[in-house]
Amino acid sequence: EAQVTQNPRYLITVTGKKLTVTCSQNMNHEYMSWYRQDPGLGLRQIYYSMNVEVTDKGDVPEGYKVSRKEKRNFPLILESPSPNQTSLYFCASSLNSPNTGELFFGEGSRLTVL
Amino acid sequence: RKEVEQDPGPFNVPEGATVAFNCTYSNSASQSFFWYRQDCRKEPKLLMSVYSSGNEDGRFTAQLNRASQYISLLIRDSKLSDSATYLCVVNEAGRRALTFGSGTRLQVQP
């Protein structure tokens, strides 16, 4: 089954404790992206990647890192989480650029930073 | 000013009603337009792309007005299963990212 898989789905952590949210897709998509969703603000892009070893900042990259060592994986790293990073995070992928094709989302990862 | 603006709703309509949502975008250079649907606590999923000439998919009709910079979604004969949040999505020229509106919530009631 074609899918985007994120883990963990739910996480409660404390300020400053490094964490990684994994994302994997099995559709051989070149484009992958991370979004956060907050009430009233909609989905905002954190980082994206056009292909292996090619990553770029989105609209809200501060406090996050990403890597794209393999085509299928695009982990999101919070080196020192803070309470303002409490949010619902979505990983997404598409075959090429998202302007022309459908963006497929993972089920989301709900993160709470205390 | 937000790049993509939507009325958050909720729109409460009876089954069988016709309901329309509008969305405005600020960047006149925007090239691609979409409607995504998001069920409560779920991930967004593509509902339909929006083409300049307007397009229809079953009970759903999407239209684009470039001059006024707005996009519309019309749902005919609403079903209970149409209850969801509808996200207006725009791609701006030169950007490899989609810009999402905050969504309009629809609640179809029996």
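As a starting point, this report considers the structure included with it. (Residues numbered from 1 in each chain as written. Chains lettered and ligands numbered in written order. Predicted model: local features only at pLDDT ≥ 70, side-chain atom pairs only at ≥ 80, totals over all residues. Heavy atoms only, no water.)

### What to know about the interface of chain A and chain B
Reasoning step 1: The interface of chain A with chain B comprises 21 residues on the first partner and 19 residues on the second.
Reasoning step 2: Carbon and sulfur atoms supply 52% of the area buried between chain A and chain B, which totals about 1,600 Å² over both sides.
Reasoning step 3: Per-residue buried area on chain A facing chain B is highest for A:Leu43, A:Asn99 and A:Phe105; these three make up 29% of the total on that side.
Reasoning step 4: Where chain A meets chain B, there are zero salt bridges.
Reasoning step 5: The interface formed by chain A and chain B includes three residue pairs in polar contact (both at pLDDT 80 or more).
Reasoning step 6: Those elements that provide at least two residues to the side of chain A that touches chain B are β4 (31-38) and β5 (42-51) of chain A.
Reasoning step 7: The element best represented in the side of chain A that touches chain B is β5(A), accounting for five residues. (Contact = heavy atoms within 4.5 Å. Buried area = accessible area lost by both parts, 1.4 Å probe. Salt bridge = Lys/Arg side-chain N within 4 Å of Asp/Glu carboxyl O. Polar contact = N/O pair within 3.5 Å; in protein donor to acceptor, adjacent residues only side chain to side chain. Helix = DSSP H or I, 4+ residues; strand = E, 2+ residues; numbered from the N terminus.)

### Here's the deal with the nonpolar core
Reasoning step 1: Within the largest apolar cluster, 23 residues are counted, with the highest numbers of intra-cluster contacts made by B:Phe21, B:Trp35, B:Ile71, B:Leu73, B:Ile75, B:Tyr86 and B:Leu106.
Reasoning step 2: Mapped by element, the contributors of at least two residues to this core are β3 (19-25), β4 (30-38), β5 (44-50), β7 (60-65), β8 (70-75), β9 (84-92) and β11 (104-109) of chain B.
Reasoning step 3: When near neighbours in sequence (up to four residues on either side) are disregarded, B:Ile75 contacts B:Ala17, B:Thr18, B:Val19, B:Phe21, B:Arg59, B:Phe60, B:Asp82, B:Tyr86 and B:Leu106.
Reasoning step 4: The next biggest cluster of nonpolar side chains, apart from the first, holds 19 residues, and it includes A:Met32, A:Trp34, A:Leu76 and A:Leu111. (Core = buried A, V, L, I, M, F, W, Y, C linked by side-chain atoms within 4.5 Å. Buried < 20%, exposed > 50% of the residue type's maximum accessible area, 1.4 Å probe, protein only.)

### Some thoughts on the pattern of salt bridges
One side chain can pair with another of opposite charge once the charged atoms of both are near each other.
Reasoning step 1: If you walk through the whole model with that rule in mind, you get nine salt bridges over all chains.
Reasoning step 2: Put simply, A:Glu79 and A:Lys18 hold a salt bridge, and the shortest N to O gap is 4.0 Å. Linking A:Glu79 in the loop between β8 (76-78) and β9 (87-94) with A:Lys18 in the loop between β2 (10-13) and β3 (19-25), this pair joins segments that are 61 residues apart in sequence.
Reasoning step 3: Among the salt bridges present, the one from B:Arg76 reaches B:Glu56, with a minimum N-O distance of 3.6 Å. You can see B:Arg76 sitting in the loop between β8 and β9 and its partner B:Glu56 sitting in strand β6 (residues 55-57), a full 20 residues away along the chain.
Reasoning step 4: A relative accessible area of 27% means that B:Arg76 is categorised as partly exposed.

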